[in-house]
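Chain and residue survey
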Amino acid sequence: MKKIKFQVVTLFPELIQSYLKDALLSKAITSGVLCVDVTDLRPFSDTKYKSVDDTVFGGGDGMLFKYKPLASALNSVHIFKKGNSDKKVVYLSPQGKPWNSSLAKEWSKSEEIILVCGRYAGVDQRFIHHFVDEEVSIGDYVLSGGELGALVMIESISRFIPGVLGDQASAAIDSFEDGLLEAPQFTKPQSEDGFTVPAVLVSGNHQKISEWQKKCAILTTLKKRPDLLARRKDINWPELQDFYKKMNPEEKTLLGLDGLLDTENK
Ligand code: ADE
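Calculation criteria
Residues numbered from 1 in each chain as written. Predicted model: local features only at pLDDT ≥ 70, side-chain atom pairs only at ≥ 80, totals over all residues. Heavy atoms only, no water. Helix = DSSP H or I, 4+ residues; strand = E, 2+ residues; numbered from the N terminus. Rg over C-alpha atoms; globule rule 2.2 N^0.38 Å. Buried < 20%, exposed > 50% of the residue type's maximum accessible area, 1.4 Å probe, protein only. Contact = heavy atoms within 4.5 Å. Areas by Shrake-Rupley, 256 points an atom, 1.4 Å probe, with all protein chains shown as cover. Lys, Arg positive; Asp, Glu negative; His and termini not counted. Charge placed at Lys NZ, Arg CZ, Asp CG, Glu CD. Near = heavy atom within 4 Å. Polar contact = N/O pair within 3.5 Å; in protein donor to acceptor, adjacent residues only side chain to side chain. Nonpolar A, V, L, I, M, F, W, Y, C, P; charged D, E, K, R; others polar. Salt bridge = Lys/Arg side-chain N within 4 Å of Asp/Glu carboxyl O. Pairing = 2+ DSSP bridges. Axes fitted to C-alpha atoms, helices over the stretch in contact; angles between N-to-C directions. pLDDT = per-residue confidence, 0-100. Core = buried A, V, L, I, M, F, W, Y, C linked by side-chain atoms within 4.5 Å.

A few points about the overall build of the chain
Counting its regular elements, the chain contains 10 helices and 9 strands. Whereas a compact globule of 266 residues would reach a radius of gyration of roughly 18 Å, the chain reaches 23 Å, over 25% beyond that. Over its C-alpha atoms, taken along the principal directions, the chain stretches across nearly 70 × 45 × 35 Å. A buried classification covers 39% of the 266 residues belonging to the chain. Considering only contacts within the chain whose residues lie at least 6 apart along the sequence, 72% involve residues at least 24 apart. Summed over its atoms, the accessible surface of the chain is roughly 15,200 Å², and 53% of this surface lies on carbon and sulfur atoms. Computed over 34 positive and 36 negative side-chain charges, the separation of the two mean positions in the chain equals 4 Å.

Remarks on the site of the ligand
All residues adjacent to the ligand are Leu 92, Ser 93, Pro 94, Val 136, Ser 137, Ile 138, Gly 139, Tyr 141, Val 142, Leu 143 and Gly 145. In the model, a nitrogen atom of the ligand is placed 3.0 Å from a nitrogen or oxygen of the Leu 143 main chain. Look at the ligand: alone it shows 260 Å² of surface, and the protein chains cover 96% of it. For the shell around the ligand, the element with the highest residue contribution is strand β5 (residues 87-98), accounting for 3 residues. Looking at the shell around the ligand residue by residue, the classes come out as 7 nonpolar, 4 polar and no charged.

With respect to the pattern of salt bridges
Think of it this way: side chains of opposite charge can pair up when their charged atoms draw near. A complete count under the given rule lists 12 salt bridges for this structure. Across the pair Lys 5 and Asp 37 runs a salt bridge, and its minimum N-O distance is 3.5 Å. Within this pair, whereas Lys 5 is found in strand β1 (residues 4-10), its partner Asp 37 is found in strand β2 (residues 34-40), the two being separated by 32 residues in sequence. With relative accessibility at 26%, the residue Lys 5 sits in the partly exposed group. The class for Asp 37 is partly exposed, based on a relative accessible area of 31%. Residue Lys 214 pairs with Asp 178 through a salt bridge whose shortest N-O separation is 3.6 Å. Taken together, the residues Lys 214 in helix α8 (residues 206-224) and Asp 178 in the loop between α7 (169-173) and β8 (191-192) connect sequence positions 36 residues apart. For Lys 214, a relative accessible area of 38% gives the class partly exposed.

Here's the deal with the sheet that holds β5
As summarised here, the arrangement of the 5 strands in space is β2-β1-β6-β5-β7, forming an open sheet in which the pairing is parallel. A single partner strand is all that each edge strand has here, and the edge strands are β2 and β7 (134-137). Here the average twist between neighbouring strands, direction ignored, is 30°. In this sheet, strand β6 (residues 112-117) lies alongside β5 in parallel orientation, the contact comprising 6 bridges. Paired with Leu 92 across the strands is Cys 117, a residue of β6. Where helix α6 (residues 147-158) meets the sheet, its contacts fall on β1, β2, β5, β6 and β7, and the angle it forms with β1 comes to roughly 175°.

Details of unusual backbone geometry
Peptide bonds are, in most cases, trans, and in most cases residues other than glycine have a negative phi. With an omega of 0°, the peptide bond running from Lys 188 to Pro 189 counts as cis. Within the fold, Pro 189 resides in the loop between α7 and β8. Even without glycine at this site, Lys 50 takes up a positive phi of about 60°. The topology assignment puts Lys 50 in the loop between β2 and β3 (53-55). We classify Lys 50 as partly exposed; its relative accessible area is 37%. With a phi angle near 55°, Asp 193 is a residue other than glycine that sits in the positive phi range. If you trace the backbone, Asp 193 turns up in the loop between β8 and β9 (195-196).

Side note on the side chain of Arg 119
Tracing the backbone through its elements, the reader meets Arg 119 in the loop between β6 and α5 (125-131). At 3.0 Å, the side chain of Arg 119 forms a polar contact with the side chain of Glu 147. Discounting chain neighbours no more than four positions away, the residues touching Arg 119 are Phe 12, Leu 15, Met 63, Phe 65, Ser 144, Gly 145 and Glu 147.

Some thoughts on the confidence of the model for the chain
On average, the chain scores 92 in pLDDT, and the residues at 70 or more come to 93%. The lowest-confidence element of the chain is α7, averaging 67 in pLDDT; the highest-confidence one is β7, averaging 98.

A look at the nonpolar core
One finds Phe 6, Trp 107, Leu 115, Met 153 and Ile 157 to be the most contacted residues of the largest nonpolar core, which totals 28 residues. The biggest single contributor to this core is α6, with 5 residues.

Pasting the structure below:
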């Protein structure tokens, strides 16, 4: 059975622990496919008042996490060997590599990932130099700390571990799998408030349904995130244009695809 272990080093362990009570992750933890250990940074302080941060040399706003408490905390959870690909030490920071679904899938093959959460203005660079294999950012904005990023990573990686999602197939059709957003979806009843579910979805013809879903996934991606399609060479544009032309106008509106491929030379 594939298992993955996360070690989270944080000054706010309860932030991590309270989210892990979420149904999906707590089930995975109980069943043993996922293990998350949380290490409180505070007890590793080397000062009387248990502080773990200090002012920045050369000036600058805010406080930095000191090297020593971080190093001691990390040494307590990790037999240090930088570059060991099965055991990554990750520091969450806005300067990191942008997080995405394909990294989540790739990293789901790791045995153990150690997530170090900064707070305030960041951490002493010597810690990054000495311990950190990867810096990861969850977006181009600044958060008060790395805890939200650590949770985002844990959840997005865990979804690729067999046994974490009830229905493993749903990871394969999620948005971003295959580099596309998901096609719009519908549930019962078939007609609601004057809008009817596209006929093909209730036809029972699985091949037709999956062709429709694939084409609508491409159109949805083109509409909402054209950047994701920029380098793709595998899309049959004339076929897609034809599919779009044949869609009835109400369906285009319902799917949010109005005006998308209306010009001849798109
Ligand atoms: N810590 C602060 N901002 C962050 C971000 N954007 N991503 C990950 N960790 C962070």
